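Listed below are the residues making up each chain.
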Amino acid sequence: MRKPVIAGLGEVLWDVFPEYKRPGGAPANVSFHATKLGNNGVPVSRVGDDENGEELLKLLASHHLDISYIQKDDRVPTGTVEVSMTNGEASYVITDGVAWDRLSLTPAWQDLARDADAVCFGTLAQRNEVSRRTIREFLKLVSGECLKIADINLREPHYTEEVIDTTLQLADLVKLNAHEWNRLHELFGVDDLKEWLFSEKGVRIICLTKGMDGAELITPEQHLVEPVHPVDNTDGDSVGVGDAFTASLTHHLLRNSPLDVCISAANKYAAQVAARKGAMPDLPSSVINSLA
Amino acid sequence: MALKTWNPRSVSQYIPLNISREAWKKGDKRDLMKQDIISRYDQHYRRYPFLKHRIEKNFDDFWRFYTSVYGDGYEQQRWVIRIFDSILQGLQDRKKDMQQLDLDRDANPLWFQSEELVGGVLYVDLFAGDLKKLRDKIPYLKELGINFLHLMPLLRPRDGLNDGGYAVQNYRDVDRRLGTYDDLRKTSRMLHQEGINLVLDFVMNHTAKEHGWAQAAMSGHPRYQKFFHMFDDRTLPDMYERHLIEVFPDFAPGNFSYYPQISKWVWTTFYEFQWDLNYANPDVFHAMFDEMVHLVNTGADCLRLDAVPYLWKKLGTHCQNQDEAHHLLQAYRALLRIIAPGVLFKAEAIVGPEEIVRYLGSDGFEGKECDLAYNATLMSHIWHAMASENTHLLRTALHRLPMAPKNTSWINYIRCHDDIGWGISDEFAAAVNQNGHHTRMFCTDFYTGKLADSYAEGYAFQRDFYSGEARVSGTMASLVGLQKAMVEAEDLGIDDAIKRIMLINNIIFSWKGIPLIYMGDEIGQTNDYGYLSNPLKMRDNRWVHRPPMDWDKVELRKMPGTIQHRLYSEFQKLIEARKNTPFIHGTSDDRLVLLDIDSVFCFERRLEEKGALFLSNFSRDPVHIPTEMLPEEWQYKTFKDLYTGRVLDFSFNEIVLEPYGYYWLSLTNEKPTLEAENTIIDVLVETEIGEQVYLVGNIPELGAWDPEKSVGPLDPSGYPTWEIQIKLPANTYFEFQWVKKRNGHILEWSPEKYWMKSGDEISYL
């Protein structure tokens, strides 16, 4: 049987902490989890022709991901995020002018776009003109059957109103958190944001994540609320939990699971990831089997 | 991408109730619920002015049958409200033109009884390739006159084996090989523009085990485990199994399958990959109603409900045709009348004749269950009548088959995608002094070509180990002998086969109901043996009668002289004749006319004082029916044949039917057209020198039996054949004898009387 193809389109990068670094970027995380759940998760991005890039590719390949859709750039470096801790608050500096700002639509990518069953993309990767154009062209190529998932990420100064607006227009499913929800309200100044997204922007599902308060799935007909799934997360961190959630949700939507199953499975899967360290943890097969 | 999954507007969502427990306990629950529902949708009546009236009209029926299955507990209100929310959602999604059609049909609920309706059934992939290409074939369907089109299952089936599409993985998606959901909607729109009604399958008894619900059940979600019949051990399955029947003993023995992932036994009546839905759960009732509404909103005019006898399971029974199954259908029917009254239900229930009729509604609820049902009794008995050239069993079966209620109708068919099951009951066989088993064996043997005089090329399907009886596979053309005659290049055999095809089709086109052509039969598609090289299909010989449409052969329909042309034009004539015969309207008064001639099947249909008499001769020999044998009001000798549009004169008071011939007679004041037809009469007479042969017959042109006025002498140039060419009034059946004369003196009369029709060249004894 053909495995569903879930493409994670956008940035791959290193999160550089003062003492160590680890791979990051929603597309990589989503495709990692999608693959774990039995799909063909494909990271679609670009790295520099440098040590960081080489290391990143090796790491993704070691997780059995298909790295053939990751381009190499010989002019700019691999993307990084400098994370510094001041008073327990993490602050991020996302390096400008890196490889994933220069995504280019190659014939291989065009074929992938036509094949994809789902594409996850975000707003961050659209900060640069080149990548923005590529991502939009890519999404125009996908078949009518393809599920387009947008992760709204409002990180100053990497977004503009235009980018957000077009992203909403392109997406079938919009994932955002409570803070971003409020920010959208302010940004577009509409009374009924929900109604606006459904009727004006053609969104099919809104997925609202609320951290410890669980998640909500909103369609024009209904509103499903799922409380957070209790797990022991003393050893875990919250890195990549949202991406795990997206991957699991996508996985279940592609299998046409009933919506209540989709959200509860995604929530449980995210909880399992939250209970472990890092964005790409090793999950026991029992967990995978029960939630796939 | 459109959302293709079921939205469980549901259990997690709290629905406030307006009626107090106290009031519920004391009051008339039906009325309370009805008023509550009506007031809940107050704000929508402006947009849907018909909604309130439809709820008022249909709620009582819904409530009666729904509560007889699920009870009328206080909590039941929440399910009813969810169901009506689904109706509203469905109405919002329903296109304007469909709503208009609903209104029209609501005002004219007997629209489907019209003689104008002619059905066709096809596999989209075999017929055209995919939905897009099917749209290009619409002109062909129109040319033939099809306006009630059943597309075989096209919703997204599971991968691999899928029981011909009856294992649905997603009701909101279309088989990828055929196109997308939008393709389906577009096709439906185009069909409607051309005046063709669309019939789609709704597989309501089971889902594929890959369906979202089954998958959720498999991963342990308790809510979805309750969607299916699941058992922890063999105790209950064993108890059920004691009374159950196996549907596919060869392929899928047993009715339960074990899944080690969840350590449960799951009820799988048909194949292991088809999980029976548990309708005892109101959640399933509601979920399937949602799916039904979704499907109806593609523009389907009729849903073919698959395997309805199996819907309800009851311990200690064979779990078919249970009362609750009927109640479920009746509840669904009432609900669908609210959202889409223009949509019909067609029951696929291949069960005994008394049981079939119950699916059309019984006990005062006629027409409130299914509107149409497959007439399997007619189908199998027609085949028997043709093999045996004896119509007694056919007559008995149809006589005993309870009449379909006036507001319902039959789907009459000769062939379909399935095998032919010999639904000939022991009781009916006994009524005509036959043994049921022997009769069924005869049919099996005849149509599998085992009998010496058989012309059929069919194959035994699912032979019963103990009785040796089997169902039969094969296309119509192959079963009536066309294939054999073509292989042997037998012109007479081909003629006979074509006559047989038209004979049996004339019955389904004139009997009460909608005739259904299995597309391809109209050009005589023969058996297809390609399946034998496909490992997925080779064990199932039903593929022999599922050939891909041969469009090169279809083109031959325009070339006179080809078999395709002959058949196709006969079918066009048949369809035309049906559409022009008002007595075929479903509300006519029908009765069987029992004639004392084995091979003649005769029935009468009356509408407002007028009527038509339908006569068919199942014998390979001609038959005479003395007019005095007919009911009193039919004792004339001049009739109008509605089939050919000609006035026929049976000048010697006997109706004569040619081999495999048929008439649709009606009384007429018209005289036979006077225009003369050149008729060549040949007789074979041995004579001696000086003797001459004359003809004398019952009509004035032939001397009205007066030997003095005989015509002749005949031309002996083809001796011993004597021939004469004379002008006779058209469309007249006449009798004649030859007389041998010498010098004007009669020497000898022919020992037999002959008859023939003016203009023809064949005379019969």
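Keep in mind the model is a prediction, meaning the values are calculated, not measured.

Q: Which residues make up the overall build of chain A, and what values do they have?
A: The number of helices and strands found in chain A is 10 helices and 13 strands. For 292 residues, the compact-globule formula gives about 19 Å, and the C-alpha radius of gyration of chain A, at 18 Å, lands near that figure. Split into buried and exposed, the 292 residues of chain A put 58% on the buried side. Between the centroid of the 28 positive side chains of chain A and the centroid of its 43 negative side chains there is a distance of 4 Å.

Q: Hey, could you go over a positive patch on the surface for me, with residue numbers and the actual values?
A: Residues and elements named next belong to chain B. Among the surface-exposed residues, Lys95, Lys132, Lys186 and Arg189 lie close enough to one another that they form a single positively charged patch. By the secondary structure assignment, Lys132 is in helix H7 (residues 131-136). Taking the relative accessible area as the measure of exposure, Lys132 reaches 52% and is therefore exposed.

Q: Explain a negative patch on the surface to me, and be specific about the residues and the numbers.
A: Together, Asp191(A), Asp192(A), Glu195(A) and Glu200(A) make up a region of like negative charge exposed at the surface. Counting through the fold element by element, Glu195(A) comes out in helix H7 (residues 193-200).

Q: Let's hear about the pattern of salt bridges: which residues, and what values?
A: Residue and element names in this part refer to chain B. Summed over all chains, the structure comprises 69 salt bridges over all chains. Asp36 serves as the salt-bridge partner of Arg40, at 3.0 Å between the closest nitrogen and oxygen. In this pair, Arg40 and Asp36 are both assigned in helix H2 (residues 29-40), 4 residues apart and thus about one turn of the helix distant. For Asp36, a relative accessible area of 6% puts it in the buried group. The partner of Glu348 in a salt bridge is Arg304, and the shortest N-O contact between them spans 3.5 Å. In this pair, Glu348 sits in the loop between strand S12 (344-347) and helix H15 (353-358) while Arg304 sits in strand S11 (residues 302-305), placing the two residues 44 residues apart along the sequence. Residue class for Arg304 comes out buried when judged on its relative accessible area of 3%.

Q: Pulling in residues and values, what's your account of the environment of Lys21(A)?
A: Residue and element names in this part refer to chain A. Positionally, Lys21 belongs in strand S3 (residues 21-24). On a C-alpha basis, the gap between Lys21 and Asp213 in space is 30 Å, while along the polypeptide they are 192 residues apart. Excluding residues within four positions of it along the chain, Lys21 makes contact with Trp14, Asp15, Val16, Asn52 and Glu55. Reaching out from Lys21, the side chain makes a polar contact with the side chain of Asn52 at a distance of 2.6 Å.

Q: An account of the sheet that holds strand S7 (residues 230-231) of chain B is requested, with residue identities and associated values reported.
A: Residue and element names in this part refer to chain B. Taken in spatial order, the 3 strands of this open sheet run S7-S9-S8, and their pairing is antiparallel. One side of each edge strand has no neighbouring strand; the edge strands of this open sheet are S7 and strand S8 (256-259). Sheet analysis places S7 next to strand S9 (residues 264-267), joined by 2 bridges and oriented antiparallel. Its bridge partner lying in S9, Phe231 is registered against Trp265.

Q: Can you break down the pairing of strand S1 (residues 5-9) of chain A residue by residue, with the values?
A: All names here are of chain A. Burial within S1 is extensive, with 5 of its 5 residues counted as buried. Burial of S1 is two-sided: the residues Val5, Ala7 and Leu9 facing one way and the residues Ile6 and Gly8 facing the other way are all buried. Sheet analysis places S1 next to strand S4 (residues 40-48), joined by 5 bridges and oriented parallel. Bridge pairing in S4 places Gly8 opposite Pro43. With 4 bridges connecting them, S1 and strand S8 (residues 118-122) associate as parallel partners. By the bridge assignment for S8, Ala7 is matched with Val119.

Q: Describe the packing of aromatic side chains, listing the residues and the values that go with them.
A: Centre distance and the angle of the planes are the two values used to describe a pair of aromatic rings. All names here are of chain B. A complete count under the given rule lists 60 aromatic pairs over all chains for this structure. Ring geometry for Phe228 against Trp275: centres 5.2 Å apart, planes inclined by 85°, an arrangement best described as edge-to-face. Of this pair, Phe228 sits in the loop between helix H11 (222-225) and S7 while Trp275 is found in strand S10 (residues 274-276), placing the two residues 47 residues apart along the sequence. The buried category is assigned to Trp275, whose relative accessible area is 0%. Between Tyr240 and Phe256, the ring centres sit 6.5 Å apart and the planes meet at 35°, which makes this aromatic pair tilted. Placement of the pair is Tyr240 in helix H12 (residues 235-241) and Phe256 in strand S8, with a sequence separation of 16 residues.

Q: Any details on the pairing of strand S1 (residues 119-122) of chain B? Residues and values, ideally.
A: Residue and element names in this part refer to chain B. Covered by surrounding structure in S1 are Gly119 and Val121 together with Gly120 and Leu122, the residues of both alternating faces. Of the strand pairs in this sheet, S1 and strand S17 (residues 514-518) are connected by 3 bridges, and their pairing is parallel. Each bridged residue has a counterpart across the sheet, and for Gly119 the counterpart in S17 is Leu516.

Q: Tell me about the side chain of Glu348(B), residues and numbers included.
A: Residue and element names in this part refer to chain B. Its relative accessible area of 12% is what places Glu348 among the buried residues. A polar side-chain atom of Glu348 sits 2.7 Å from the main-chain amide nitrogen of Ala307. Sequence-distant contacts of Glu348, defined by excluding residues within four places in its chain, comprise Arg304, Leu305, Asp306, Ala307, Val308, Pro309 and Tyr374.

Q: Kindly report on the sheet that holds S17(B), identifying the contributing residues and their values.
A: All names here are of chain B. The 8 strands are arranged S1-S2-S5-S11-S12-S13-S14-S17 in a closed barrel whose pairing can be described as parallel. This sheet shows a mean twist of 25° between the axes of neighbouring strands, independent of strand direction. Pairing between strand S14 (residues 409-413) and S17: 3 bridges, direction parallel. Counted as the bridge partner of Ile411 is Ile514 from S17. Sheet strands touched by helix H14 (residues 323-339): S11 and S12. Its angle to S12, the strand with the most contacts, is close to 160°.

Q: Explain unusual backbone geometry to me, using residue names and the numbers behind them.
A: Residues and elements named next belong to chain B. A cis geometry characterises the amide bond from Tyr719 onward to Pro720, with omega recorded as 10°. The topology assignment puts Pro720 in the loop between strand S28 (715-718) and strand S29 (721-729). We note that Tyr660 has phi near 55°; this positive angle belongs to a residue other than glycine. Locating Tyr660 in the fold gives a position in the loop between strand S24 (654-657) and strand S25 (662-667).

Q: Tell me what's going on with helix H1 (residues 26-36) of chain A, and back it up with residues and numbers.
A: Residues and elements named next belong to chain A. Within H1, 8 of the 11 residues are buried, which leaves it mostly tucked inside the rest of the structure. When we look at burial in H1, the residues that qualify are Pro27, Ala28, Asn29, Val30, Ser31, Phe32, His33 and Ala34. Among the residues trailing H1, Gly38 stands out with phi positive, at a value near 100°.

Q: Could you give me a rundown of the packing of helix H22 (residues 491-510) of chain B against helix H24 (residues 563-579) of chain B, with the residues and numbers involved?
A: Residues and elements named next belong to chain B. Where H22 contacts H24, the axes come no closer than 11 Å and their chain directions differ by 20°. The angle between H22 and H24 places the two elements in the roughly parallel class. The interaxial crossing formed by H22 with H24 has right-handed handedness. Contacts between H22 and H24 involve Ile494, Asp495, Ile498, Ile501, Met502, Asn505, Asn506 and Phe509 from the first element and Ile563, Arg566, Leu567, Glu570, Phe571, Leu574, Ile575 and Arg578 from the second.

Q: Give me the nonpolar core: which residues, what numbers.
A: If you look at the biggest cluster of nonpolar residues, it comprises 199 residues, and the most contacted ones within it are Phe62(B), Phe84(B), Tyr279(B) and Trp383(B). Formed jointly, this core draws a minimum of three residues from each of two domains, domain 1 (206-276) and domain 2 (586-667) of chain B. In this structure Phe62(B) touches Val80(B), Ile83(B), Phe84(B), Phe285(B), Ala331(B), Ala334(B) and Leu335(B), once residues within four positions along its chain are discounted. By size, the runner-up hydrophobic cluster in this structure holds 50 residues, among which are Val81(A), Val83(A), Ile152(A) and Leu197(A).

Q: An account of the environment of Val163(A) is needed here, citing residue identities and associated values.
A: Residues and elements named next belong to chain A. Structurally, the position occupied by Val163 is in helix H5 (residues 161-170). Assessed through its relative accessible area of 2%, Val163 is described here as buried. On a C-alpha basis, the gap between Val163 and Arg127 in space is 7.9 Å, while along the polypeptide they are 36 residues apart. Dropping the residues within four chain positions of it, Val163 is found in contact with Thr123, Gln126, Arg132 and Arg136.

Conventions we followed
- Residues numbered from 1 in each chain as written.
- Chains lettered and ligands numbered in written order.
- Predicted model: local features only at pLDDT ≥ 70, side-chain atom pairs only at ≥ 80, totals over all residues.
- Heavy atoms only, no water.
- Helix = DSSP H or I, 4+ residues; strand = E, 2+ residues; numbered from the N terminus.
- Rg over C-alpha atoms; globule rule 2.2 N^0.38 Å.
- Buried < 20%, exposed > 50% of the residue type's maximum accessible area, 1.4 Å probe, protein only.
- Lys, Arg positive; Asp, Glu negative; His and termini not counted.
- Charge placed at Lys NZ, Arg CZ, Asp CG, Glu CD.
- Patch = residues over 30% accessible without salt bridge, like charges linked within 9 Å, V, L, I, M, F, W, Y side chains within 5 Å.
- Areas by Shrake-Rupley, 256 points an atom, 1.4 Å probe, with all protein chains shown as cover.
- Salt bridge = Lys/Arg side-chain N within 4 Å of Asp/Glu carboxyl O.
- Contact = heavy atoms within 4.5 Å.
- Polar contact = N/O pair within 3.5 Å; in protein donor to acceptor, adjacent residues only side chain to side chain.
- Pairing = 2+ DSSP bridges.
- Phe/Tyr/Trp six-rings, centres within 6.5 Å; stacked < 30°, edge-to-face > 60°.
- Axes fitted to C-alpha atoms, helices over the stretch in contact; angles between N-to-C directions.
- Parallel < 35°, antiparallel > 145°, perpendicular 65-115°, else oblique.
- Left-handed = near helix turned anticlockwise from the far one by under 90°.
- Core = buried A, V, L, I, M, F, W, Y, C linked by side-chain atoms within 4.5 Å.
- Domains from an automatic or database assignment.

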